[in-house]
Each structure stands twice: as structure tokens, then as C-alpha cells.
Amino acid sequence: MTILIKGGQVVDPGRVNGPADVLIENGKIAAVGPKLKAPADAKVIDATGKVVTPGFIDLHVHFREPGFEYKETIQSGTAAAVAGGFTSVCCMPNTSPVNDNQSITEFILEKARAAGNANVFPVGAITKGSEGKELAEIGDLRRAGCVAISDDGLPVMNSLVMRRAMEYAIAFDVPVVDHCEDLHLSEGGCMNEGLVSTQLGLPGVPAAAEDVMVARNLALAELTGARLHLAHLSTAGSVRMVRDAKTRGIKVTAEACPHHFMLTEEAVCGYNTHAKMNPPLRTGADVQAIKDGLRDGTIDVIATDHAPHASQEKQQEFAAAPNGIVGLETAWPLTLTLVEEGVLSLEAAVAKLTTEPAKAFGLKKGTLAPGADADVVISDLHEGWEVDPACFRSKSRNTPFAGWKVKGRVTTTIVGGRVVYEA
Amino acid sequence: MSFKHKHLLGIAPLSAEEIMLILETADSFKEVSGREIKKVPALRGKTVVNLFFEPSTRTRTSFELAAKRLSADVINFSPSNSSVVKGETLLDTARNIEAMQADLIVLRHPAAGAAETLARGVKSSVINAGDGWHEHPTQALLDLYTLREKKRDFKGLRVAIVGDVAHSRVARSNILALTKVGADVRVVGPRTMMPYGIERLGVRLYDKLDEGLRGVDVIMMLRLQLERQGRALFPTIREYSRLYGLTAERLKLAEAGALVMHPGPINRGVEIAPDVADSFSSVILDQVTNGVAVRMGILYLLSGANG
Amino acid sequence: MIAHDKKHEKLIMDAGEVTRALTRIAHEILERNKGTRELALVGIRTGGVHLAHRLVKRIHEIEHTKVPIGELDITLYRDDLALRKEQPILKTTKVPFNISDLKVVLVDDVLFTGRTIRAAMDGLMDLGRPAEIQLAVLVDRGHRQLPIKATYIGKNIPTAGDEVVQVFLEESGEEDRVVIRQGGSS
């Protein structure tokens, strides 16, 4: 099928940033340029007044299948993804059973193919069962299709195991992704340790719990020369250490989630379980540090850590509610607020969701270069809308942004040259 | 003025005037408790449910007595751990209770915020009888009532709260209440037991007991939860009681006639030396009587027609 | 407090008439009860308290005996507590003697529907078992909703349902008088 996207402003980071048409043929980008001509039977999409970008890539989602299908399935999760403009997602292995072997990886890929929405690139476990003791069959996971390894949900507490995982992973050219949390320091905590946790009487997780592990991981990355990717950074300390590590040539990439640059720990007031996630929302100073990190490139990537949970699970008392919020369908307008604030240019913002994640995980995605896969997103940056969880494509509704009036909406999502979502 | 709140979830939402209104209302009920017939029909036909997820004989009995003296019907619910294991959540339990047309629910629960979560999910009025480390408003109100009887004026009253402040809902509620009515509050204890930023709540922090007790009018001792010993908060009970236990000599550092209070039950020889504990046992009995009066006052003020 | 706009009041009893009525009631109480033996007065908050004190003083002037006096707050016995959104403020009850076996004269300023007196009787019953309860009111304005009758009445005033009868006393910083206002604010 041939598609011509006409009259839009193309933002293809590092390549094009201006008015242009995009021609798609046989699932690939055929051409990008002004006033392109298309065959008579082509589908023409009028993108006047809209922005055309490569499809977004989310390096960090939780799709809950196999094991927790009541929260989300690969089908509903990828539907949510394309509704949010994400054409490729990397799903974390903390399913049940954990994705620490080839069969689970193949199961996930098969489900993704059947759903026919976004591309799914599984992340395999670092250790068997993510128990942090013995390495998983990383070579096999790579061959089956995993693009990175992580025990996300959990850190790898044992530094020797983490060192070996990093050394071993070099042979397969996969980044090692760590969820940086010292479980002893964070023990019992359910929100940031600070003035709000004192007022609410909730056990807190100090910022140091993250900083300590970031420091350890950077030291190990320096020792081993491995590719380290730090998931969902939330503290000023983490950003500072990553900035320093990069100047010294350590191979580290870092990720931040929209909720960590949009909200502070104040969002928990009233025991709002939709503001409960791990790592927790921190202070205004941490939010500013995340924004500074995004601006100067210390933080390479914006990812959602999309974590669906059923309503009755979130309706419990705060300490009992599970951690996490959904994020695929709100990430783009929230990222655009950074453009509005002047933290990022539009091109830089798009890069955080396309070229940078592709580079971090070695994916051949995130670009509109001729010959690339035709994963394209068309958005109306001026359209204002209200976040209504009842309209989410995800099975779950757990978001702190319900009722927010936001600007910037995905109007069309194309994966492999097929329109998979239209607003 | 009138009491416009539907729930009593904590001291935090109350103004100083509302706190004084509760104390003044309790005066009338203390008088009722002094009569031959210790009953008034004010809550006749209302149903009060005590929903206690944590064991507590004293607080529960106090609420039960308060409700019965107001002629309300009382039901006691202590969900055993097994119903929680079966997957029945706090809200499920509460909705079952609401189906009994409960007018007021008194909730004690180990999770901070449980009372607020419950209040959002039911139509009844909710009284927080202790939620995790967060607040225990009726305890603070009865402490203030006792202080008012004995010390009259709150403004400038120097109060030292000693012990595990971080894990104490009684401490949090008392800090809030006392600072609202103008008292001068300090907290004393090892830094491992002080929550982050406690000074920002308007109190001074002392990690040495002798300095902390100098010149105070009131000493509120908190119970040391012995089960916490394993969590690196303090090395041994022996060291804790040597450094932070209230002895007769230390008591002399305070103002003459300083009042010693303890929410109970006392670990004799740990927080308080036995001779000191014996000498102020009368205040504890007062606190029991006052507790019923204060709780009657709160049940009364919350029992208006629910919209 | 509302402003006392004397223009819209109709004077029913002036200071002199109030004093004479109370004197007569004091004599009637003594006559009916054959003296002050086993007699007690309880003023209903807030309208009846000052009147009860005045009656005790008048009785003392006549019989040279101090009759025990109490103050009763009937708020907790009201029949409309369940209907009100916000609970009324409590004032305390001070009856510092045992009322059992005594002849208790309840004192109130205005007798209207009778509900206050019903509540006062329930309140008294919780304090003990009086031998008799009698009722003295300065004004009886009719419109009873319960079968209640005053034993001693200062003045009978027929009123319309929407009119308001107010008693002002020196003890509250006003001139002694009883007035009727048209309906509405009270």
C-alpha cells in the first residue's frame, strides 16, 4: 500500500525539520521532501497544520502478559501504545512467569504479531526468575529477540552478580538496564522520604536509595566497559552522577518518565494512590534537575514505565496499593509541555522519543530516512483535550493526570506502512 | 460557631477554635458521666460501628462507652487477619458495614491514610482511632483536655514529647494540636526515631534528654515499641532507657509541678522508672475518664444529619 | 445578636409588669407548695435561668429561706437533633443537688409548642426522681403541639404562629420587657 502524507511539518531529528511530504511504499519510507507526487491509488493523508514525526519508541513498558492479563494484555497494551503515538515498545520481563527464557520471549513476540499494533521488542531478565542470584540465559534471550536485559521491578542487589551480568552481556551487545534502588534503604517505604511523608505518616524512601545504586552501577560500568542504561531516574543526585560519568566516557544512557518531570511528592497528599509509583515522586528540586538533565542531554530518553493496575487494586489504603501508573496515552502531550516551557526544542523533544531510544537499545527505528521502516506519527500540536481514563485503550485507568487539560494529540499512527490508529 | 466537618480524620484539618469547641463540648459530657444515670438520648437510634483492624482494648472500650452513654447502638468489628488474607479489602469490609446503616464508623487500621480512604468510599461519618503512623486525633484531644484541666492556659506552655516520634501517631497528632493552640513544643529522642523535617512542623529537636527536659511544664513520654528493636533504630533497650528513660533525677530538670503523661501502656523501667510511674498514676486515670467525655463530644458533634 | 429595632416591636409587658408578675408567681409557688420545704427551682437554659434566680431571690425576701437552684441545658434531649445538619452548641447543666423526692419547679421565659418542656422533663428524669414537676413561665403564647400545661403563668398572650415573642432582661444588658415581633427573623 502506498501512502502520501501531505502538507505537514516533518520533524525527523537530525535530518529534516520543516514542511515536507512523506511517501510510504511497501511498508518503508520511500521519500521525504516538498511536493511529492504519489500514484493515483495512493492513500493521501492531509497533514496540513500537523506535525509528522517518526513513530515514538518507549523503552520501558509493562504489558503484564503472561500472568496478569486482567491488568493489561499485549493486545491492549500495544493498542494503547499506538493511540499514544508509540510504534515500538520494549516490554519488561516481570511477567509471571518472568521472561528469563526463549519460550516466553517467543510467546510475547507471537502475541505482538497477532495484535498487529505496535512493534514489541522484549527485554529479557538479567537473572533467573529475576531473583538476583544466577544469570539468565542471556545469549538465548538475545537470539530469541530480546534487545536488552533487566530485572526491572527489582534492582540487582548483589554487586558481583551485576558485574558478571555486565561483562557477560558485552558479547551480545545488549545494554544492561538497572532499576536503581537499594532495597535495604527503601525497605517499607511507599513514597519519597521528605516533609510530605512526615506529614502523612507514611514510611519514606530516601533519594539516597536511588543514588547509592546509580553510583554502584556507574562504577561497575566503568570497570567492565559494558553498556549501562539507567531506568526511570528520579533524583538530582542521579542526574549529577550520570552527567559526570558521561564526561569521563562511561557508556551510560539514562531515561526519565513524564511523571518525574511533571509532578512532585505533593501529588500524594490525600493519600492519592495514583501518585504512588517506584521510584516515587520527589521534590521540586529533583524535578528541576530532571528537566536540566533532559535539556543538556544527560538524560537521553523519555520513557513511560507504563504500569497498568486494576482499579480495585489502586482503591486500597496507600501502603497496600501497588506501585505504578499507565503512561502510553499521556506521554506525548506531557513531553510537549517541556517544549512549551522552553526546556526542549520540538526537535529535541521528538529525539528523546525516537532517535535517542533507538540509539540506546540499538533499534533500527526512530527515523524517517528513506528505506527505514514506515513507522510514522502525525500529531496536532494545537489541539487541546482533557485526559479521560475512561477513553483509554489500555485495560487500566490508573493515572494521576485524569481531568488534566493538555495540548497536543496524536491523530494518526502508522506502523510498517499500515494505519493502525486514527483519532 | 458550629462544627462543620463530616469526619474526624486527624488534627490537621481542625482550627484552634474547633479544637477548643471540642474541649468545651466535652465539659458537658464529663458532667453527664458524673451523674447517677450516665446516659443522654442525643444519639438515640444511631448506629456506631467500631472497626478495629488492630487490637486495642482501651480505645475501643472508650468509644464503646462513649457511644452507649449517648444512647447509640454499638457494633464491634475486629476483622481477623484471615478475612484480609481471603482478599476482602478495607473498602469491601466497610461497604458491608455501611449496609447495616452505620451512622458513624470508628476506624483503627495499621495503614496511614486508611481513615481518609474509608471516608471517601462510604456515606457514614468516619472517626480515625489511629491509622498507622499518621494520626490519633482523639488521643491528642483527650491529652489536651487533661492539660486544660491541670494547666489552664496553652499559650506558651512548654511541652516535651519524648521517644519514638517517627512511628508515633500520638506524637504527630499532639504536635499538631499543641502548636495550633499556641504551646511551645519540643521533641526529644535519638535521631533514628525522628521523621524527616520534623522541625518544619514547628517544634525544636533535642537528641539529649537532659537538655530537652530543662524548664518544661509537660513531659509526654511515648511508648517504646520493643518489637522495633530489630530494625536498627536503637542498639539495645538498656542503652535506650539509660539515655532517654525518665527518672526522678531527670524529672527535677523540668519546671516544679511539671505534668508527666503517657498514652499507655507503659513499659515500666524502659521509658519511665517505676518510682516515677507510680507517682503519676492518677493522671492516667484522669485520662481514661476524660477520654470517654472527649469521645462523647466528638460523636455528638459529628452526628448531625448526613447530607 | 440582632439589632433591637424598637420601632417594629409591640410592647406586651413593661419592666413594672414583669416585676409584678414575678412577685405574684413567687407567692403562688409558696402558696401551692405550702412553703419552701422540699422545693427546688430549675431554670431552663437560656431563657429561664435569670428568671429562676429572680424567683429564688423573691422567695428569700418573703420566706427568708434560700431555695436550691439549678440550671438545665436541654440540648441533648431535643427531639430535632437527628434532623439538624450541624449539632447545636452545648451549654452545661449545673444541678448541684439531688432532685429525687423534691418538688421541682421548672422555669422558662416563653411557653410555646411545649417541646422544650418535654425535653426538660426528660432531662430532669435522668438526674433523679422528683416527687413533682411544676412549671412556671413568664409568658404563655399558646400553639401547644404537645399536651403540656404551665402551673404558674405571668401573662397569657394570644399570638399568630409566625409572630415572635421575645423576653428581654436587665441581666442581659437590656430593659426588662416582653415584646412581639412580626414573623421572619428571630
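Structure: above.
Thresholds applied
Residues numbered from 1 in each chain as written. Chains lettered and ligands numbered in written order. Predicted model: local features only at pLDDT ≥ 70, side-chain atom pairs only at ≥ 80, totals over all residues. Heavy atoms only, no water. Contact = heavy atoms within 4.5 Å. Salt bridge = Lys/Arg side-chain N within 4 Å of Asp/Glu carboxyl O. Polar contact = N/O pair within 3.5 Å; in protein donor to acceptor, adjacent residues only side chain to side chain. Nonpolar A, V, L, I, M, F, W, Y, C, P; charged D, E, K, R; others polar. Helix = DSSP H or I, 4+ residues; strand = E, 2+ residues; numbered from the N terminus. Buried < 20%, exposed > 50% of the residue type's maximum accessible area, 1.4 Å probe, protein only. Pairing = 2+ DSSP bridges. Axes fitted to C-alpha atoms, helices over the stretch in contact; angles between N-to-C directions. Parallel < 35°, antiparallel > 145°, perpendicular 65-115°, else oblique. Left-handed = near helix turned anticlockwise from the far one by under 90°. Expected span 1.5 Å × (residues − 1). Arc of directions from axis to C-beta. Phe/Tyr/Trp six-rings, centres within 6.5 Å; stacked < 30°, edge-to-face > 60°.

Things to note about the interface of chain A and chain B
Piece 1. Every contact between the two is made by 17 residues of chain A and, on the other side, 22 residues of chain B.
Piece 2. At the junction of chain A and chain B, the tally comes to 0 salt bridges.
Piece 3. For the pair chain A and chain B, the interface holds 6 residue pairs in polar contact (both at pLDDT 80 or more).
Piece 4. Classifying every residue of the side of chain A that touches chain B by side-chain character gives 7 nonpolar, 7 polar and 3 charged.

Regarding the pattern of salt bridges
Piece 1. A complete count under the given rule lists 49 salt bridges over all chains for this structure.
Piece 2. Residue A:R243 is joined to A:D296 by a salt bridge in which the shortest nitrogen-to-oxygen separation is 2.8 Å. One end of the pair, A:R243, is in helix α7 (residues 236-247); the other, A:D296, is in the loop between α9 (284-295) and β16 (301-302), with 53 residues separating them in the sequence.
Piece 3. The exposure class assigned to A:D296 is partly exposed, which follows from its relative accessible area of 45%.
Piece 4. B:E149 is paired through a salt bridge with B:K30; the nearest N and O atoms lie 2.4 Å apart. Taken as a pair, B:E149 in helix α6 (residues 137-151) and B:K30 in helix α1 (residues 16-33) lie far apart in primary sequence, 119 residues in all.
Piece 5. Salt bridges sharing common partners tie together A:K28, A:K365, A:D373 and A:D375.

A few points about the environment of B:V188
All names here are of chain B.
Piece 1. Along the polypeptide, V188 turns up in strand β6 (residues 184-188).
Piece 2. Given a relative accessible area of 0%, V188 falls into the buried group.
Piece 3. Expressed as a C-alpha distance, the spacing of V188 and V165, which sit 23 residues apart in the sequence, is 8.3 Å.
Piece 4. Non-local contacts of V188, meaning those with residues more than four positions away in its chain, are made with A160, I161, V162, G163, M194, Y206, K208, L209 and G212.

Concerning the arrangement of the chains
Piece 1. Across the 2 pairs of chains in contact, the largest number of contacts is found between chains B and C.
Piece 2. Between chain A and chain C there is no contact, and the shortest C-alpha to C-alpha distance separating them is 25 Å.

A short note on the interface of chain C and chain B
Piece 1. Tallying the contact residues gives 19 residues for chain C and 24 residues for chain B.
Piece 2. One can count 1 salt bridge joining chain C with chain B.
Piece 3. Here C:E86 ties to B:K4 by a salt bridge, and the two come within 4.0 Å at their closest N and O atoms.
Piece 4. Across the chain C-chain B interface, the total number found is 5 residue pairs in polar contact (both at pLDDT 80 or more).
Piece 5. Residue composition of the side of chain C that touches chain B, by class: 10 nonpolar, 4 polar and 5 charged.

Quick look at the sheet that holds strand β8 (residues 119-120) of chain A
All names here are of chain A.
Piece 1. Strands sit in the order β6-β7-β8 across an open sheet of 3 strands; the sheet is parallel. Lying at the two open borders of the sheet, with one neighbouring strand each, are β6 (56-61) and β8.
Piece 2. One ladder, built from 4 bridges, connects β6 with strand β7 (residues 86-91); its direction is parallel. Paired with D58 across the bridge in β7 is V89.

With respect to the packing of helix α4 (residues 159-170) of chain A against helix α6 (residues 208-224) of chain A
All names here are of chain A.
Piece 1. Where α4 contacts α6, the two axes come as close as 10 Å, and the packing angle between them is 40°. Judged by the angle between their axes, α4 and α6 are oblique. In this structure, the crossing between α4 and α6 has a hand that is right-handed. Listed contacts from α6 to S159, M162, R163, M166, E167 and I170 of α4 are R216, N217, L220, A221, L223 and T224.
Piece 2. Counted by class, the contact of α4 with α6 contains 6 nonpolar, 3 polar and 3 charged residues.

A word on helix α2 (residues 102-115) of chain A
Turn by turn, an α-helix covers 3.6 residues, leaving residues three or four places apart pointing in a common direction.
Residue and element names in this part refer to chain A.
Piece 1. Here α2 contains 14 residues, and its C-alpha end-to-end distance of 20 Å stays within 8% of the 20 Å for a straight helix at 1.5 Å per residue.
Piece 2. When α2 is considered as a whole, its buried residues turn out to be I104, T105, I108, L109, A112 and A115. Looking straight down α2, one finds that the buried residues subtend no more than 135° of arc, so they occupy a single side. Set apart from the buried face of α2 by more than 90 degrees, the exposed residues are R113 and A114.
Piece 3. Contacts from the buried residues of α2 go to α1 (74-83), β7, β8 and α3 (138-144).
Piece 4. With a side-chain oxygen lying 2.9 Å from the backbone nitrogen of S103, the N-terminal cap of α2 falls on N101.
Piece 5. The first or second residue beyond α2 is G116, which carries a positive phi of 65°.

Focus on unusual backbone geometry
Residues and elements named next belong to chain A.
Piece 1. P66 follows E65 through a cis peptide bond whose omega is 5°.
Piece 2. Take P66: it is sitting in the loop between β6 and α1.
Piece 3. For the bond from N278 to P279, the omega torsion is 5°, close enough to zero to count as cis.
Piece 4. With respect to the helices, strands and loops of the structure, P279 is situated in the loop between α8 (258-262) and α9.
Piece 5. A positive phi angle, near 55°, is found at S130, a position not held by glycine.
Piece 6. You can see S130 is positioned in the loop between β9 (123-124) and α3.

Quick notes on α1(B)
Piece 1. Helix length check: α1(B), at 18 residues, gives a terminal C-alpha distance of 26 Å against a target of 26 Å (1.5 Å per residue), a fit within 8%.
Piece 2. Along α1(B), the positions that sit buried rather than exposed are B:E18, B:I19, B:L21, B:I22, B:L23, B:T25, B:A26, B:S28, B:F29, B:V32 and B:S33.

Side note on the packing of aromatic side chains
Any two aromatic rings considered together are summarised by their centre-to-centre distance and by the angle between their planes.
Piece 1. Scanning all chains against the criterion turns up 7 aromatic pairs over all chains.
Piece 2. Considering the side-chain rings of A:F56 and A:W332, the 4.7 Å spacing of their centres and the 50° angle between planes classify their relative orientation as tilted. Of this pair, A:F56 sits in strand β6 while A:W332 is found in helix α11 (residues 331-341), placing the two residues 276 residues apart along the sequence.
Piece 3. Geometrically, the ring pair formed by B:F234 and B:Y240 is tilted, given 5.7 Å between the ring centres and 50° between the ring planes.
Piece 4. Take B:Y240: its relative accessible area is 3%, and that puts it in the buried class.

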